[in-house]
Amino acid sequence: MDAATIRELLEAAFPGAASVDVEDRTGGGDHFQVTVVSTAFDGLSLIDQHRRVNDALASPLADGSIHELRIRTKGTK
Amino acid sequence: MKTLNEQISDVIEQEPVAVFMKGTPQMIMCGNSHRALQALHAAGAPITAVDILPDPRIRQELSSISGWPTIPQVFVRGELIGGADITEELASSGELQQKLDDALGADRAQDVKVVALQLA
């Protein structure tokens, strides 16, 4: 799975996000660092913010195409 | 014998701080499990570790209970705190220590132990 595909999934889940950044940490297409800044996170606890990202990437997480996922999220407020 | 699901639920509910990880604190098999443990140590947490690697069903049952897809998973008094990223973030902001102080008291023990689940 390439970073662009992960980015598309995140952009679909967080339309209008202030920023979506995806880094393939090892170049192997399965260890990713994702950073999302979105109003969708405003008022949510950190764990609920991460749950939203996990939900957006549920399919590649479930089928093992993402082996490792590091998440950083921020609201806009 | 209790089912795997019951055993996992027991650990989550009964242990002050439960960490489901790859490997054990003595032999950590994954960088993210390492990060979570480091953050917990830094915040002065007791740790009850469960190695999820012996059987893939452990991870499946755990994720069905927690609704969290990745490993590690950290629980304080039965509440899912998060994975390595959140645990690190809360440790560096001081919130993790505060949460532990509130849940377990400031003069808590900081023992590290490992629970092995019984596989049918």
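What counts and what doesn't
- Residues numbered from 1 in each chain as written.
- Chains lettered and ligands numbered in written order.
- Predicted model: local features only at pLDDT ≥ 70, side-chain atom pairs only at ≥ 80, totals over all residues.
- Helix = DSSP H or I, 4+ residues; strand = E, 2+ residues; numbered from the N terminus.
- Contact = placed C-beta atoms within 7 Å.
- Nonpolar A, V, L, I, M, F, W, Y, C, P; charged D, E, K, R; others polar.
- Core = buried A, V, L, I, M, F, W, Y, C linked by C-beta atoms within 7 Å.
- Buried ≥ 20, exposed ≤ 12 C-beta atoms within 10 Å, placed from the backbone.

Residues and elements named next belong to chain B. The omega torsion across Ile-71 and Pro-72 is 5°, close enough to zero to call that bond cis. In this structure, Pro-72 sits in the loop between helix H3 (56-66) and strand E5 (73-76). For Arg-77, which is not glycine, the phi dihedral falls at a positive 45°. Within the secondary structure, Arg-77 sits in the loop between E5 and strand E6 (79-82).

We now examine the interface of chain B and chain A. Listed as interface residues are ten residues of chain B and, on the opposing side, twelve residues of chain A. Looking at side-chain class alone, the side of chain B that touches chain A contains five nonpolar, three polar and two charged residues.

Counting residues in hydrophobic clusters, the biggest one holds 32 residues, and the most contacted among them are Ala18(B), Val19(B), Phe20(B), Ala36(B) and Leu40(B). Only helix H1 (4-14), strand E1 (17-21), helix H2 (31-42), strand E4 (47-51), H3, E5, helix H4 (84-93) and helix H5 (95-104) of chain B provide two or more residues apiece to this core. The element best represented in this core is E1(B), accounting for five residues. Counting residues in hydrophobic clusters, the runner-up holds twelve residues, among them Ile6(A), Leu10(A), Leu57(A) and Ile66(A).

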